[in-house]
Structure formats: C-alpha cells, structure tokens
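# Report on the structure
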Amino acid sequence: MSEQLSEKRKQYPFSEIEPKWQAFWDEHKTFRVANPGDAGFDASRPKFYVLDMFPYPSGDGLHVGHPEGYTATDIVSRYRRKTGWNVLHPMGWDAFGLPAEQYAIKTGQHPRVTTGRNVNRFRGQLKRLGFCYDWDREINTTDPGYFRWTQWIFLQIYNSWFDVATQRARPVSELEAQGLSRDEIDARRLAYVAEVQVNWCPGLGTVLANEEVVDGKSEVGGFPVERRPLRQWMLRITAYAERLIDGLEGLDWPEGIKRHQAEWIGRSEGAEVVFRVEGSGRELRVFTTRPDTLYGATYMVLAPEHSLVDEITTEARRAVVETYRKEAAAKSDMDRTALAKTKTGVDSGGFAINPVNGERIPIWIADYVLISYGTGAIMAVPAHDERDHEFALQFGLPIRQVVQPPPGNEEKCFCGDGIAINSPLFEGLPTQEAKRKITAWLEEQKLGRKTINYKLRDWLFARQRYWGEPFPILWQDGRHQAVADADLPVIPPDLEDFKPTGTPEPPLSKATDWIRVSDTVTRETNTMPQWAGSCWYYLRFIDAGNSSRFAGAEAEKYWMGHNGKPGGVDLYVGGTEHAVLHLLYARFWHKVLYDLGHVTTPEPFQRLVNQGLILGEDGQKMSKSRGNVINPDHVIEEYGADSLRLFEMFMGPLEQVKPWSTKGVEGVYRFLGRVWRLFFEARDDSAWEFSPKVQDVDASPKLLKVLHETIRKVGGDIESLSFNTAISQMMICTNELTSSDVRPVCVLAGLLQALNPFAPHLSEELYHALTARYPSLPKGPLSELPWPQWEARHLAEDTMEIVIQVNGRMRDKLTVAVDIDTDSLKAAAMASEKVTEHTAGKEVRNVIVVPKRLVNLVVR
RNA sequence: GCCCGGGUGGCGAAAUCGGCAGACGCAAAGGACUUAAAAUCCUUUUUUCCUAACGGAGAGUGUGGGUUCAAGUCCCACCCCGGGCACCA
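Residues numbered from 1 in each chain as written. Chains lettered and ligands numbered in written order. Predicted model: local features only at pLDDT ≥ 70, side-chain atom pairs only at ≥ 80, totals over all residues. Heavy atoms only, no water.

### What about the overall build of chain A?
- When its secondary structure is counted, chain A shows 30 helices and 38 strands.
- Overall, chain A is about 100 × 90 × 55 Å in size when its C-alpha atoms are taken along their principal axes.
- Within chain A, the proportion of its 860 residues that are buried is 54%.
- Summarising the internal contacts of chain A: among those between residues at least 6 apart in sequence, 70% fall at separations of at least 24. (Helix = DSSP H or I, 4+ residues; strand = E, 2+ residues; numbered from the N terminus. Buried < 20%, exposed > 50% of the residue type's maximum accessible area, 1.4 Å probe, protein only. Contact = heavy atoms within 4.5 Å.)

Below is the structure:
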C-alpha cells in the first residue's frame, strides 16, 4: 500500500528502466571495443583513449566523489563513440595496499577475501550508474596475471642503467659486454640497493616514502615516523629529473599541476665550490646558487650527519658537537623544519679557507642544512640569504654585504639580483654576469664547477608489508639477482599471520619455506609500494588478457600512438591528490619503457583534468565525523542513477569545488520527469499513457531552432567539458516542448540523442518507446546511433535584436533585418524616440556600431 | 612566509573577442487543478526610488584606483575565503 503510494510519487519509473538497460548493455556488450586485428575492429575510425583514475576498492564502497569524474568521462566516451571514434574506456582496481592488510590484521580475514568482496561491491555500484566501460578489459592489480607484468617491468628497470650522455636508459647487458665488474654494474642500475636514511613507521611496521610522510606522521593512519638507516631498494628516478621537467611542456595539463611537478623536481642551477679545511688535506664541497656572493661567505655549515664532522671538530668542541648531533638525530622532521621558531647549531672549532680571498672562516654544525640535498654543506652568506641571516644574528656571526641592491631597496637581507660590491674579482658586475664570471674562474682554478641540483630524491621502493607485489629478486652470497622470466609471477606465500614483525623485517620473512629457494638461494622479502600497480595500469587496459606481453605491441601502438603528441591517453580525469606522486611515478616508468623500446610514446597522459572536490551540504569537507557524507546508493534508490549523474554534472564546472544539495538533485530529477512527460501522461489510475501530443509531423521553425541549437551547444559543451551549461540547454529545449501543443517525433528524437550521454537509461527507454510507435525512426539502441548533425539553416533568423546605447547606457532595442547595413542601422538608432529623448539638445560626437550587437551613441 | 584556486541575487551558477549582467536550476511568493494535500501546470522574483497604473530613473559582479565609446571580463594596489608547499642553500 505505502509502496504503491511512493511508486505513484515517482516522476518516472526509473527503478524499472535502469536495471533493464544495464542488463541490455551487458548482454549485448554494447560498449566493447575491438583491438586492431580483432574481429569487428574498424580501422577507419580514429582512436580516443578516455581514462579514469582507477579506484582503491575500500570497504566503505563508492562515495559521491567517484561518480563525478566517472560521469564526466562516461559522457565524453558516449559522445565520442557517437561521433565516429574508437573509444577505449576501461575500469579496474588498484587493490594492493595498506587498508586491506590492516583490516585483515584486525579481523583475521585474508586480504584476498576482503579485497574480492570490496571489488564486487564497487563493480556493482559502478554498473548501477550505467557507465559505458568495456568490462572485458577489467583489471585488478592483485591478480597474478597482472602483477606478473608489474614484476616484469621492475626487472626491466633493474636491468637498465641511465646513459647520461644520451639521457636515456639502456640495458645493463651493454655494461657487461664492456667488461664492467658486477659491483660497477650494480652501482649503475636504475633499481639498486642502498643503505639510506628511511622513514620508519613503527605503527605501520613499514618504511615510507618521503611523499607518504606528512608533518612527521604517516599519511595513512597518522602514526609517528622516525628516521633510521636501512638497506633498501631504490629506483633511480633522479636520473630522469631533467626529462621529467622537460616532458611537461608538451602536455595538456592544468598549469598548476605542471608547476607543482616542476617544483617537486626542483631543478636548481648553481655551482659547486671547493673550500679547503684548515690544518688537514680535506676539502669541503658546497653547492650554491649564488656563487657571486662568495666574498660574503663568513662561515660554513655542515649538516649534523655530514661525514667530515668528526674530522673537523676540534677536541675542545667534541663533546658539544656530539651532544648536538645526537639531539638532531632524535628530532622529528617537523622539529627540524622552518616551523621550528629558532635555528640551532654549534661551532665545530674548525676553520675553512675561502678560495677567493684566502680568508679563514669558522665551520658550524647546524640542522638547518640538510644532508640529503646538494653536498650536505653550505657556505653561509648572511647578508644575502634569509636563513643564514637569521642564524648569524642568533650566534653573533659577521655579516658582510657583497651585493648592492637596486636603488630604493632597503631590505636588511637582500636576496635578489643587484651589483657585486666588495668582490675584487668581479666588482661592479650585475648578479647574472658575476655568477658566470666567478663560475668560470672557479673552473679554471679547479676549485669548482657549474652544477645542477634537484630536490627530487631517488624513490624508496621497498615496503615491509604483506599485501603487495613481491620483488622478483633472489639473493645468493649477499648478491641480488633477477628471477628468470619464465618463473614470473612471484606469488606471495599464503600466510596465516601477516602482522608486522615489529622490526624492519618484513612479514614475508615468516614464510620460511617460500623464502628458501635452495640451500644457497633465498627470496627478497620486501614488497613493492602501492604506487607500483598504478604506474602502468593504463597500458594493461589496452590488452588486458595478453599472457605473453604486458600489452600487444600493435594494440599499444594503436591506442597510445598519437598524431605527433607526446602523450598516449587522450583524456585522463582524476583528483588533484595525485598531482605529484602517481603522475610522476607513472611518467618515470613510462619513460624507462619508452627508452627500452617497449612503448611508442614518451609520455603516458596527454590531457589531464582534475575534477573538483564535492563538499557536504554544509559546505564542509565530507567526513564521517561531521555526519555530512552522502551515500550514492541512497541517491540512486530515491532518484535513480540518471538523476545522480545529471546532478553531479549540473552542480557547476567539473574542476570546481562545490557543495552537495539534495534540493538540487530533486531539481534535475524533476527535469527528467518533465522529459518523461513529454512522451507519457499519467492516467487517472496512475498508469502511464502515450501522449497524444506526440505526432509525426513537420516541426515548427521555432522548435527546429531550439532543437538544433541544443544539438550544437550540447556537442560543443561536451567537447569543452562544460556539462552544466549543456544540461541548461537541454532544459530550455524541454521547456519549449512542454509548452508546445504538438511534439513532433523528429524533435523528440533529437532531444533524446542529446540527452543520451548524460541520462543514458531514460533516453534509451524513451527512444525505445518512440521507435515502437514510429518504426521509420532509425532502430536503436540509442547508445549505438550516431550523433545528429545540427543545421545552420534552422538557426538562422530573418531579424535580430540590436541594443541601442547612449553614452554606454541601454536606451532602446530595435528589431532589424539581419542583413541591415551599418548606415541604415545607424540611422534607425538615431531615429528611435527613446534615443532622441536622451540626445535632444546634445551633440552626437561619435557613433559606434558593433555589427549584430549594438549601437552606442556618444553625446555631449 | 611562498605558490596556486576563488569572491557575481536568498542559494548553485551563466555570460566566445571587452558589447543587454544574472541564462538554467534551487528556494520563496501568488494563481490554476483538488473536498483537501501531494504531484503537476502557469506567473512573479538583483536592489533602491518615482508613478494610481502602463511605465520610467538610478545603483549593482569583494574594496579602491586606472585604461576604454563601452569593464564581471583588461591593468595597478589592497581585503577576504579555500587548497597546497614549507630551512632544498
């Protein structure tokens, strides 16, 4: 009874329509796309690769942020398919990772079980939204058939070295052929083992990449992170620093993201300068971007971890320095950053000699100098560097000005470009020239050279986790070696207990049988970080089932190959949170594969678009604690998937941050109801009856105009991703038809075409109903019909409205013939009564005529 | 501190090249239908002032300047909100 009532309330029977068409598309594989060489492949169509950032299938299910980007790409895919492209639009699961493992530890269920369940839930939810993915290409990073190739790519990296001269990766077999020793080769590999200071997180029982540590705590879970030295697998991403910056130029990415990546890589040009340490044969190397301030160096600073600290420290200072080093080591990153109010440091007692003037300057130890950047030592120029300035003031060190700021600049610590002073070797030169001159002089004297430094560090690639890809690496006599191709994939052991060991020993170390390959050979027990699987997933979609290659060469060439553009994926949509990490790592892997000849383009993603965050109804970030989370399942239940899709697109521009609005969902829901009622009228007994207003007649010029305007605008708006205005136009068209006594079949069919990419279920159903009555219409499914052509002749009008202004104020509007000439228009404007009222007794000094728009009379 | 993004009605927003500010939707008010309500359909809706009314005049896109016949749009300075980075020499 109550159910009937609520059924009656429904604007239209979406809960019957939607599952029906989803089943139809599934069954008929409507959205399957063929690869070159496959049956049904149409070589005459150009390709278009539309990619979503694939989700991590969490236990919470989909949130409303997911359908935002996914609907946008769905609309683009459907539209492109209708306008004659072969569209690759796939979906998969980034399913390795910490949450599943931690959930498993808590509940005792194997991550494989929970992951499988979450994947099924996510897939079901996505299907309920009617997305046009080619589900035959579905991938899961935790499938052995998938991570076999993740491991294979790792080995490609492992078996490569970076040739600086040609700036590209080459196989290490070349080095073997040149007769290099094993140690020499291992030192050059793009994947190498090194003892490095790592971010060890006891709470998670793993090390983390710098990028995964936020404010001294783990990004996941918020546990404290400490520094400690460990032997770890590293990837030599720094070798690609230059190319990762240069490659950004050719990409259609938001400028902000490009800048962000470039800043992250942090290229910095300067010079390395050699200072002699007094009383020993030792040299101190420093990196500076301002070699022109060399005469202003009044002291030096070493990072506490610098290898020469012990040697430089005098006996008198040893105890103090040792204490300071211990304190610095114990400090969290947080305490060592700029947020710490005051700088700390101690005098080592040692002195260095300034190479330009032979001056003796003290050497200090301070943790504002980072061991991991440059040489871990600096020359301090307190007159022209904020940090050195602050430190010098605090410890009473001398400050000597060597750059004359431009006139009018009164800054105590001037860091910009000026004129060199107190600098005999290049006195009076502007900063840029001074830099060149001193650098050349240093090179001549063999006291330094031009250098480029990067903020980017090599990528710490190992994790002490269970739920990740095992390394395809074996150990023998303390040396690593690759697992043979034929033995891939290396499948993780079926552990019962995958709890962290509490030490840096990975959980896999508990699988003693698995580790032991033979008496002398054991397996690597670290696993790869979660980024690994997402570094190349876009390539696997191209040929998801291929068991002999990560993707067939021909298919890769077709889908990634491009009209001269560097990137392969034509449109990539996802959140800003991946601005640096995922996008940088994926570009790095792609470039290695490119260098080795495995892929055809130098960049993975040509065009990148970030969808904006959806806030709660209260304008705050959605969170469980605030209780403002919107569950997409509930929205679908109440208003249908088409309404959810349409609303998320109607809220505002895709890239903008915008708040949720339940009333807004109801608004688009009502709009879809209005579209339904163009075709069906409610009978007294609440059944739907086909409207007698729908007739197979010629359309009026007015209706034709609004229809063709709609087709034109919706098409253009989809191409520019302006979905909100496309929907407005369809509303205008619908309003026009609602108030029309006769609704010509051809106009209705056109509207359904325009609506199809946005509300595929409703449009498909209505088109189906329409063709049942009017069999002369092209046979559906609508999703497979080509996009209609708009015709200019229907948009043309005989007359137009021209605004008449006097001194920039609108005074009248005139309806004139479209082909009116300027003089007649001018005359008509001057003749207008409303205009003459305002020009009476005044001199018309100028008349500006903007064709098709306005006339402005300038009077005085 | 630095770097982005953004400030337009009661709200979400729209406005190719500088050319009618507020399309479209929400909310609100009034009307039609109904015994009544819901749903639906129609009308009004930036604001101030003048007019009995038709209608008209002014103001208005964060603030203050500027350029221009004409500025939401371009230039300069500033204020506020959101996000990111954080001693990288």
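Moving on, there is more to tell.
### Observations regarding the sheet that holds strand β1 (residues 47-52)
- Ordered by their spatial adjacency, four strands build an open sheet running β2-β1-β26-β28, and the pairing between neighbours is parallel. Each edge of the open sheet is held by one strand with a lone partner, namely β2 (86-88) and β28 (608-610). Between one strand and the next, the sheet's axes are offset by a mean angle of 20°, whatever the strand orientation.
- Sheet topology places β1 next to strand β26 (residues 571-574); three bridges connect them, and they run parallel. Counted as the bridge partner of Val-50 is Leu-571 from β26. (Pairing = 2+ DSSP bridges. Axes fitted to C-alpha atoms, helices over the stretch in contact; angles between N-to-C directions.)

### Notes on the side chain of Asn-628
- Note on placement: Asn-628 falls in the loop between β29 (614-615) and α21 (632-639).
- For Asn-628, the side chain forms a polar contact with the main-chain nitrogen of Ser-623, separated by 2.9 Å. (Polar contact = N/O pair within 3.5 Å; in protein donor to acceptor, adjacent residues only side chain to side chain.)

### What about the environment of Tyr-373?
- Following the sequence through the fold, Tyr-373 ends up in the loop between β16 (360-365) and β17 (377-380).
- Taking the C-alpha atoms as reference, Tyr-373 lies 33 Å from Tyr-572; in sequence the two are 199 residues apart.

### A short note on the packing of aromatic side chains
- In total, this model carries 55 aromatic pairs according to the counting rule given.
- With a centroid separation of 6.2 Å and an interplanar angle of 80°, the aromatic rings of Phe-287 and Tyr-373 are classed as edge-to-face. With Phe-287 in strand β13 (residues 283-288) and Tyr-373 in the loop between β16 and β17, the pair connects residues that are 86 residues apart, well separated along the chain.
- A relative accessible area of 23% means that Tyr-373 is categorised as partly exposed.
- Their ring planes at 50° and their centres at 5.0 Å tell us that Trp-364 and Phe-395 sit as a pair that is tilted. (Phe/Tyr/Trp six-rings, centres within 6.5 Å; stacked < 30°, edge-to-face > 60°.)

### Describing the pairing of strand β38 (residues 854-859)
- Examined bridge by bridge, strand β35 (residues 799-806) and β38 share four bridges and lie parallel to one another. Paired with Ile-804 across the bridge in β38 is Val-855.
- As paired strands, strand β37 (residues 844-850) and β38 are joined by six bridges and run antiparallel to one another. Its bridge partner lying in β38, Ile-848 is registered against Asn-856.
- Joining the antiparallel neighbours β37 and β38 is a turn of three residues, in which Lys-852 adopts a positive phi near 70°.

### So, the pattern of salt bridges
- The final tally for this structure, using the stated rule, is 49 salt bridges.
- Note that Asp-310 and Arg-325 form a salt bridge whose closest N and O atoms lie 3.4 Å from each other. Taken together, the positions of Asp-310 in helix α11 (residues 309-312) and Arg-325 in helix α12 (residues 318-330) put the pair 15 residues apart, joining distant regions of the chain.
- Across the pair Asp-812 and Lys-834 runs a salt bridge, and its minimum N-O distance is 4.0 Å. Here Asp-812 is found in strand β36 (residues 809-817), whereas its partner Lys-834 is found in helix α30 (residues 833-839), with 22 residues between them in sequence. (Salt bridge = Lys/Arg side-chain N within 4 Å of Asp/Glu carboxyl O.)

### With respect to the domain arrangement of chain A
- On domain assignment, one finds that chain A holds domain 1 (1-29 + 627-793), domain 2 (30-139 + 552-615), domain 3 (152-261 + 461-531), domain 4 (267-454) and domain 5 (797-859).
- For domain 1 and domain 4, the distance between their C-alpha centres works out to 68 Å. (Domains from an automatic or database assignment.)

### Focus on the nonpolar core
- Judged by nonpolar contacts, the single largest core of 184 residues is most densely connected at Phe-154, Trp-589, Trp-660, Phe-758 and Leu-770.
- Look past the residues within four positions of Phe-154 in its chain and what remains in contact with it is Ala-191, Trp-233, Leu-235, Phe-461, Phe-471, Pro-472, Ile-473 and Met-528.
- In this structure, Ala-297, Val-346, Ile-363 and Val-402 belong to the second largest nonpolar core, which totals 45 residues. (Core = buried A, V, L, I, M, F, W, Y, C linked by side-chain atoms within 4.5 Å.)

### Some thoughts on the protein's contact with RNA strand B
- Near RNA strand B, the surroundings consist of 49 residues, among which Ser-268, Thr-289, Arg-336, Arg-387 and Arg-457 are the closest.
- Counting only the atoms of RNA strand B that lie within 4 Å of the protein, the sugar and phosphate share comes to 64%.
- One of the side-chain N or O atoms of Thr-288 is found 3.3 Å from a sugar or linking oxygen in RNA strand B.
- In this structure, Met-651 approaches RNA strand B through a main-chain N or O atom, which is 2.7 Å from a sugar or linking oxygen.
- Those elements that place two or more of their residues in the surface near RNA strand B are α10 (255-265), β13, α23 (662-679), α25 (723-738), β35, β36, β37 and β38. (Near = heavy atom within 4 Å.)

### Notes on the sheet that holds β35
- Strand order in this open sheet of four strands is β36-β35-β38-β37, and the pairing throughout is mixed. Lying at the two open borders of the sheet, with one neighbouring strand each, are β36 and β37. Strand after strand, the sheet turns through a mean of 20° between neighbouring axes, direction not considered.
- Those strands touched by helix α29 (residues 822-831) are β35, β36, β37 and β38, and its axis lies near 125° from that of β37.

### Quick notes on helix α5 (residues 111-128)
- Spanning 18 residues, α5 covers 25 Å between terminal C-alpha atoms, matching the ideal 26 Å at 1.5 Å per step.
- Burial in α5 covers these residues: Pro-111, Thr-114, Thr-115, Asn-118, Val-119, Phe-122, Gln-125 and Leu-126. An end-on view of α5 places all buried positions within 135° of arc, on one side of the element.
- Contacts from the buried residues of α5 go to α3 (65-82), β3 (92-93), α4 (98-107), β4 (139-140) and α21.
- One or two steps after α5, the chain reaches Gly-130, where phi turns positive at roughly 75°. (Expected span 1.5 Å × (residues − 1). Arc of directions from axis to C-beta.)

### Regarding the packing of helix α6 (residues 144-158) against helix α20 (residues 581-595)
- In contact at an axis separation of 10 Å, α6 and α20 are set at 70° when each is read in the N-to-C sense. When the axis of α6 is compared with that of α20, the two are roughly perpendicular. For the element pair α6 and α20, the recorded crossing hand is left-handed. In contact with Thr-150, Trp-152, Ile-153 and Ile-157 of α6, α20 contributes Trp-589, Val-592 and Leu-593.
- Residue classes in the contact of α6 with α20 are distributed as six nonpolar, one polar and no charged. (Parallel < 35°, antiparallel > 145°, perpendicular 65-115°, else oblique. Left-handed = near helix turned anticlockwise from the far one by under 90°. Nonpolar A, V, L, I, M, F, W, Y, C, P; charged D, E, K, R; others polar.)

### Considerations on the packing of α5 against α21
- Between α5 and α21, the shortest axis-to-axis distance is 11 Å and the interhelical angle comes to 35°. The interaxial crossing formed by α5 with α21 has left-handed handedness. Facing Arg-121, Gln-125 and Arg-128 of α5, the residues of α21 in contact are Asp-633, Ile-636 and Glu-637.
- Here the residues of the contact of α5 with α21 are counted per class, giving one nonpolar, one polar and four charged.

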